[in-house]
Amino acid sequence: MSKLGQVVESVENYNKFVLDQVKRARRDDKFGRELLGRWNDIKAKIPVTRTPTGLPLPRLALPEIDEPGEIARYFFGEGLPGEFPYLNAVYREMYLETVREIESFEKNEAVAAGVSPAKQAKKQPVRPPLQEEPTRLFSGLMLAEDTNERFHYLTRHQRTHRLSTAFDGPTLYGIDSDADGVFGKIGEGGVAIDTVEDMVRLYDGFDLGSPNFSASMTISGPAPIIMAMYIAAAKRRFGSKVVPKLRGTIQADIFKEVQAQNETIFPIEPSLRFLTDMVEFTTREMPRWYPISISGYHIGEAGSTPVQQAAYTLSNGFAYVEMFAGRGIPVDQFGPRLSFFLDCGLDAEYIALARVSRRIWAIGMRDVFGAGPKAQLYKLHTQTSGRSLIAAEFKNNLTRTAAELVLAYMNATNSCHSNSADEPFTTPSEEWIRLAAHGQAILLEESGIFKHTMNMLSGSPGMKAVERAVGAAILDEFREIERLGGVLAAVEERYQRSQIQNAAHRYEQQIYDGTRPIIGLNRYRDGAEEIPEVKLARTPRSKQQLQVDRLARFKKKNAEKAERALDKLAEAIEHGENCFPSLLEAAEVCSLGQITSRLQEVVGRFRPMV
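Residues numbered from 1 in each chain as written. Predicted model: local features only at pLDDT ≥ 70, side-chain atom pairs only at ≥ 80, totals over all residues. Heavy atoms only, no water.

Points about the overall build of the protein
- From N to C terminus, the protein includes 25 helices and 11 strands.
- Expected size for 610 residues packed as a compact globule is a radius of gyration near 25 Å; at 25 Å, the protein falls within 12% of this value.
- If you line up the protein on its principal axes, its C-alpha atoms span 75 × 60 × 60 Å.
- Across the 610 residues that make up the protein, the buried fraction comes to 56%.
- Considering only contacts within the protein whose residues lie at least 6 apart along the sequence, 78% involve residues at least 24 apart.
- For the protein, the accessible area works out to roughly 26,200 Å², and carbon and sulfur atoms hold 52% of it.
- In the protein, 76 side chains carry a positive charge and 79 a negative one; their mean positions are 5 Å apart. (Helix = DSSP H or I, 4+ residues; strand = E, 2+ residues; numbered from the N terminus. Rg over C-alpha atoms; globule rule 2.2 N^0.38 Å. Buried < 20%, exposed > 50% of the residue type's maximum accessible area, 1.4 Å probe, protein only. Contact = heavy atoms within 4.5 Å. Areas by Shrake-Rupley, 256 points an atom, 1.4 Å probe, with all protein chains shown as cover. Lys, Arg positive; Asp, Glu negative; His and termini not counted. Charge placed at Lys NZ, Arg CZ, Asp CG, Glu CD.)

Below is the structure:
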């Protein structure tokens, strides 16, 4: 039995364990009293907060139960927020207001009652620091300085700077901007990054070593090269001591590229080796960095069902864990630095998809891989569904995204990006991207849905029904992958890819025949609607030429050093060494395309499987 088969077995065994605990609590009076005592003690210690209108609410909402069996089902089957198996959340508190904000009503009430401000101040407890905002802002357009300007625009009102970067097509494929046939693609759909100098421009003005800054880079095929460039850029600005302070993530997920997105530039085995080299280095040298974001988003965008997205993302994650552990990296060292990325659409499964994924991951990591609590956490970034955005009557996309945001935060996502309504046409404009970011601010700060009470919307009978159905369906997918020989064998059989394609076809057919309603497209469409005039975001030829000219100067300046660095990199690969230290040196003097080309000379190019 493979590790994935063991995960299926461990989840099934844990489900049986939960039922056994329920039965035990009902027949063993002592055990039942212990659970009830703990339950009552927890409830008694939950702080009470007040809404701006004065309504008292518990800071943590728990079900109104006093029967030992149901208490056991909650403790063992779900867990309190921040407790195994983490169904409700990986942390004890998320999204909640700080104490200072919570007490504002009580303070005003006391003043109105005649209590002096000085006397009231003595009663105030020590204030905790402001929590990090979960909103992650995503951008990438034209040249590095253009994206940098957009980053500064987006973070103008953010106390924490969590930036996600989209790269243009040539960069995603490891191709330089001066390569034949790519001139018109420079800076289109993302930012053009060829050298460490571009990376310096990209994050200029941001303190990369600050605890309030994190960078996320959406790139997989050449991820180790881009990661090396980011480190090199940080060292140029802040010195070598900044490296352990760097915080963020890089996508680097090769499995989802082969299964869904197609941006693979090396054969699978060398790609996995380069990834593992990077993980080994960052685990040792960069304790605050997440070296891989195991991504279901692109699987979902390629057309998968929600269950397929979760199942393939989880199984890919377990395959990476097995691979990194096989290199000899302790699971409790790299495990806490793994993160996940899902989309959130409008299908019913999204009511509980992330919750179920979090539970399966925790059980598998603990019981199959022997991981400790920190490595059991399924840390999740969610992005609202790009596939759900429709060009027809596109302003409806604001409502779609808002509904998806509610679902994402119901699932206790750790961070979130909201798509812009104009994305069916172009790279988002400042107006629409600002509205998208404000959607999260309205939900988290203006509304009271999440900021007063943990578990405000969790645990309804409908949600529990979805959890059971989704959990069973994910395990069925695991069993099929196990039957095919595991994740890599299933990839070689094109199993995941074929299933995604079949699901995508069904999705489009349902839209065509009307069984899947899309408001404004196949239902309630205004026949008089005209195609809106949307200004397309295009990179001027002058900027594209500037990028080529900069690259030429960089290559000329570093020609001799680059050749030596590339030779050293090739030698490290041929000798079976960890190549990431050599890659760091090469990133200082070589372009992305130069490094990619040399690596392809050594290990070959990716060829799609038939």
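Remarks on the packing of aromatic side chains
- In total, this model carries 29 aromatic pairs according to the counting rule given.
- Centre to centre, the rings of Tyr-14 and Phe-84 are 5.5 Å apart; their planes meet at 80 degrees, and the pair counts as edge-to-face. Within this pair, whereas Tyr-14 is found in helix H1 (residues 3-27), its partner Phe-84 is found in the loop between helix H3 (68-78) and helix H4 (99-102), the two being separated by 70 residues in sequence. No difference in accessibility class separates Tyr-14 from Phe-84, as the two residues are buried.
- Across the ring face of Phe-31, the terminal group of Arg-24 is positioned such that the distance to the ring centre comes to 3.7 Å. (Phe/Tyr/Trp six-rings, centres within 6.5 Å; stacked < 30°, edge-to-face > 60°. Lys NZ or Arg CZ within 6 Å of the ring centre and 35° of its normal.)

Topic: the side chain of Thr-165
- Relative to the assigned elements, Thr-165 resides in strand E4 (residues 161-166).
- Within polar-contact distance, the side chain of Thr-165 engages the side chain of Tyr-203 at 2.8 Å.
- Each residue touching Thr-165, except ones within four places of it in the same chain, is listed here: Phe-138, Ser-139, Phe-151, Val-191, Leu-202, Tyr-203, Ser-216, Met-217 and Thr-218. (Polar contact = N/O pair within 3.5 Å; in protein donor to acceptor, adjacent residues only side chain to side chain.)

Digging into helix H25 (residues 592-603)
- Its 12 residues give H25 an end-to-end C-alpha distance of 16 Å, which sits within 8% of 16 Å, the value for a rise of 1.5 Å per residue.
- The inward-facing, buried residues of H25 contact helix H8 (169-172), helix H10 (223-238), helix H12 (268-285), helix H23 (559-574) and helix H24 (580-589).
- Backbone geometry just after H25 places Gly-604 at a positive phi near 95 degrees. (Expected span 1.5 Å × (residues − 1).)

So, the sheet that holds strand E11 (residues 415-417)
- With parallel pairing, the four strands of this open sheet are ordered in space as E8-E9-E10-E11. Edge positions in the sheet fall to strand E8 (292-295) and E11, since each of these pairs with one other strand and no more. In this sheet, adjacent strand axes meet at a mean angle of 25 degrees when their direction is disregarded.
- Relative to E11, strand E10 (residues 380-384) runs parallel, the two being bridged by three bridges. Paired with Thr-382 across the strands is Cys-416, a residue of E11. (Pairing = 2+ DSSP bridges. Axes fitted to C-alpha atoms, helices over the stretch in contact; angles between N-to-C directions.)

Quick notes on the sheet that holds strand E3 (residues 137-139)
- Pairing within the open sheet is parallel, and its five strands lie in the order E3-E4-E5-E6-E7. One side of each edge strand has no neighbouring strand; the edge strands of this open sheet are E3 and strand E7 (289-290).
- Pairing analysis gives two bridges linking strand E6 (residues 248-250) to E7, with the strands arranged parallel. Its bridge partner being in E7, Thr-249 is matched across the sheet by Tyr-290.
- Against the sheet, helix H7 (residues 144-154) touches E3 and E4, its axis set at about 160 degrees to E3.

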